[in-house]
Amino acid sequence: MAGKGPIAAVQFYDASDSCPFAAKAWLTLLEKGIKFQRHTIDLKDKPKYFSDLYASINPDPTARAKVPLLIDGDERIVESNLVAEYLDNTFPESGPKLFPTDPLKLFKVRWFVEMFSDKFSSSLFKLLEADSASAAEEAKQTLDKGLKVTGWIQQSP
């Protein structure tokens, strides 16, 4: 296991409080009480070292470098949901257990997170970036549908 326990510092790359995806991973670090060194990346002007680091992790040469990115020893992890789950599993003695161990409950958590990311997050961004009343209304309707889907998942047995 790559995690060094609660006294080890991991390297965490995120954006200056503006990326909700990186925020998932950041909140996981805080909730688990994992010591980390934070590196803030300007997403509009990414430094070459960060783009190169991301390219060394992601085998897709066309992929845009994005946050969060986590380095734990020799391990390099990207994608907010994967970072959060990695941290929860790698540092089980740190803070509360955030992901269930029961396979069905874990499926429901993963499904909820996937649906939330797919149905809610993109709609919210569209609403915030809407440049007309009709675009805002369309985004709001899509957001409402996404909320119903995620609500249904939470209530399912």
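Structural data are supplied above this passage.
Keep in mind the model is a prediction, meaning the values are calculated, not measured.

A. The pattern of salt bridges, seen in detail. For the structure shown, the criterion picks out six salt bridges. Linking Arg 110 and Glu 85 is a salt bridge whose minimum nitrogen-to-oxygen distance equals 2.4 Å. Taken together, the residues span a long stretch of sequence, with Arg 110 in helix α4 (residues 103-129) and Glu 85 in helix α3 (residues 80-90) at a distance of 25 residues. Since its relative accessible area comes to 16%, Glu 85 is described here as buried. Here Lys 97 and Asp 88 are joined by a salt bridge, their closest N and O atoms 3.2 Å apart. Taking relative accessible area as the criterion, Lys 97 reaches 41% and is therefore assigned partly exposed. Using a relative accessible area of 0% as the deciding quantity, one classes Asp 88 as buried. Sharing partners across several salt bridges, the network here consists of Lys 32, Asp 88 and Lys 97.

B. Quick look at unusual backbone geometry. Val 67 connects to Pro 68 through a cis peptide bond whose omega is 5°. Within the secondary structure, Pro 68 is located in the loop between α2 (48-57) and β3 (69-72). Of note, Glu 79 is a non-glycine position whose phi angle comes to about 80°, a positive value. The residue Glu 79 is located in the loop between β4 (75-78) and α3 in this model.

C. Quick look at the nonpolar core. Within the largest apolar cluster, 13 residues are counted, with the highest numbers of intra-cluster contacts made by Tyr 13, Phe 50, Val 67 and Leu 69. Where this core is concerned, the elements lending two or more residues are β1 (10-15), α2 and β3. Looking at this core element by element, the count peaks at three residues for α2. Counting 11 residues, the second-largest nonpolar core is a separate cluster that includes Ile 77, Val 83, Leu 87 and Phe 91.

D. A look at the sheet that holds β4. Read from one edge of the open sheet, four strands run β2-β1-β3-β4, paired in mixed fashion. With one partner strand each, in any of the chains shown, β2 (36-41) and β4 form the two edges of the open sheet. On average, adjacent strands in this sheet sit at an angle of 20° to one another, irrespective of strand direction. Sheet topology note: the β3/β4 ladder contains four bridges and is antiparallel. Looking at β4, one finds that Leu 70 is bridged to Ile 77.

E. Representation of the packing of helix α1 (residues 20-32) against α3 in the model. Closest axis-to-axis distance for the α1/α3 pair is 8 Å, and the angle between their directions is 10°. Taken together, the axis directions place α1 and α3 in an arrangement best described as roughly parallel. The hand of the α1/α3 crossing is right-handed. Within the contact between the two elements, α1 uses Phe 21, Lys 24, Ala 25, Thr 28, Leu 29 and Lys 32 and α3 uses Ser 80, Asn 81, Val 83, Ala 84, Leu 87 and Asp 88. Among the residues making up the contact of α1 with α3, the classes are represented as six nonpolar, three polar and three charged.

Procedures and definitions
Residues numbered from 1 in each chain as written. Predicted model: local features only at pLDDT ≥ 70, side-chain atom pairs only at ≥ 80, totals over all residues. Heavy atoms only, no water. Salt bridge = Lys/Arg side-chain N within 4 Å of Asp/Glu carboxyl O. Helix = DSSP H or I, 4+ residues; strand = E, 2+ residues; numbered from the N terminus. Buried < 20%, exposed > 50% of the residue type's maximum accessible area, 1.4 Å probe, protein only. Core = buried A, V, L, I, M, F, W, Y, C linked by side-chain atoms within 4.5 Å. Pairing = 2+ DSSP bridges. Axes fitted to C-alpha atoms, helices over the stretch in contact; angles between N-to-C directions. Parallel < 35°, antiparallel > 145°, perpendicular 65-115°, else oblique. Left-handed = near helix turned anticlockwise from the far one by under 90°. Contact = heavy atoms within 4.5 Å. Nonpolar A, V, L, I, M, F, W, Y, C, P; charged D, E, K, R; others polar.

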